[in-house]
Amino acid sequence: MAVAVWALRPAGSRLAAGGLLLLWAILGGILLLHDVFYTRLDVAGARILSPEALAAASGIDGLHIFWVNPEEAAAAVRHRFPALRSATVRCRWPAFCTLFVVEGEASWEWVSGDLRLFLDENGQVMEGDAVNAQRRLEVYGLPPLAPGQRVDPWLWERMQDLSWAFPEIPTFRYEAGRGFSFVDPYGWPVLLGEFGSMATRAAAWRALRDLLAAHGQRPAYLDLRVPEAPTVGFQN
């Protein structure tokens, strides 16, 4: 437009052309330099991951709105955190953007020493850490798992049995050679062993728990490794 007006020089419009050029320069400077056009990014849906880490992965926080590509920003977040179920970016004028994330969910969290992994519905280690786990297994005496590796099928079947038999228990312990156990909500350990029906053990545990609670008794442990002959241990 400024060039077109400048072409009117023969009509004596140089001043007008110069004024338009100055006006466009001012408007361009406002659009490029004013703080209101630099992106302010909010993060919604993060429960485990830090909003700061997600914002940094998007690469658009503080970027001029003219250079923001929401699809590319969302793809960058998904690439950095592959365990996310979804990540989308939406922007509104002048430069307000929101990153919406849905963190993944694992069947189990596998904890072995300092190692913390997440298992999918097939017992395979998931990549990334942006997940919530339905249950937690603290493991002792087994070699560590690696990303992409699957839990031993026998052990995974036992873990599934625990999920079905004890839906109200979020955390279990497994010790090689001794089997599974957990801490009752009342505070005493419950020993389950490795073999046999976990449903039978769950029924025995509920019956004993209710009986002990009704009598106000607090045992040192419940041993259900032989569910047909449970043992209730008390401190001397």
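Scroll up to find the structure.
Residues numbered from 1 in each chain as written. Predicted model: local features only at pLDDT ≥ 70, side-chain atom pairs only at ≥ 80, totals over all residues. Heavy atoms only, no water.

**Student:** I'm lost on a nonpolar patch on the surface in this one. Help?
**Tutor:** A surface patch of nonpolar side chains, about 450 Å² in accessible area, is lined by Phe-66, Trp-67 and Trp-93. With respect to the helices, strands and loops of the structure, Phe-66 is situated in the loop between helix H3 (51–58) and helix H4 (70–80). The exposure class of Phe-66 is partly exposed, given its relative accessible area of 42%. (Patch = residues over 30% accessible without salt bridge, like charges linked within 9 Å, V, L, I, M, F, W, Y side chains within 5 Å. Areas by Shrake-Rupley, 256 points an atom, 1.4 Å probe, with all protein chains shown as cover. Salt bridge = Lys/Arg side-chain N within 4 Å of Asp/Glu carboxyl O. Helix = DSSP H or I, 4+ residues; strand = E, 2+ residues; numbered from the N terminus. Buried < 20%, exposed > 50% of the residue type's maximum accessible area, 1.4 Å probe, protein only.)

**Student:** Got a minute to help me understand the sheet that holds strand S11 (residues 231–233) in this structure?
**Tutor:** Note: strands within a sheet are paired through backbone hydrogen bonds, in either parallel or antiparallel orientation. Read across the open sheet, the eight strands follow the order S5-S4-S6-S7-S8-S9-S10-S11; overall the sheet is mixed. Looking along the sheet, the strands with just one partner apiece sit at the ends: strand S5 (115–119) and S11. Across this sheet, the average inter-strand angle for adjacent strands is 25°, counted without regard to direction. Across the face of the sheet, helix H5 (residues 153–165) comes into contact with strand S4 (104–112), S5, strand S6 (131–140), strand S7 (171–175), strand S8 (179–183) and strand S9 (189–193) while running at roughly 115° to S4. Across the sheet, helix H6 (residues 198–214) touches S8, S9, strand S10 (221–223) and S11, and the angle it forms with S9 is around 160°. (Pairing = 2+ DSSP bridges. Axes fitted to C-alpha atoms, helices over the stretch in contact; angles between N-to-C directions. Contact = heavy atoms within 4.5 Å.)

**Student:** Explanation requested: the pattern of salt bridges in the structure shown.
**Tutor:** As a working rule, side chains carrying opposite charge can pair if their charged atoms are close by. Across all of its chains, the model carries eight salt bridges by this definition. Arg-173 is paired through a salt bridge with Glu-175; the nearest N and O atoms lie 3.6 Å apart. Of the charged contacts in the structure, one is a salt bridge between Arg-225 and Asp-223, with a shortest N-O distance of 2.6 Å. A single network of salt bridges, built from pairs that share partners, joins Glu-109, Arg-116, Arg-136 and Glu-138.

**Student:** Looking at this structure, how should I read the sheet that holds strand S2 (residues 86–92)?
**Tutor:** With mixed pairing, the three strands of this open sheet are ordered in space as S1-S3-S2. At either end of the open sheet lies a strand with only one pairing partner, and these are strand S1 (40–44) and S2. Geometrically, the sheet is characterised by an average inter-axis angle of 20° between neighbouring strands, direction not taken into account. Pairing analysis gives seven bridges linking S2 to strand S3 (residues 96–102), with the strands arranged antiparallel. Paired with Ser-86 across the two strands is Val-102, which belongs to S3. The sheet strands contacting H3 are S1 and S3, and the helix crosses S1 at an angle near 125°. Contacting S2 and S3, H4 crosses the sheet at an angle of about 150° to S2.

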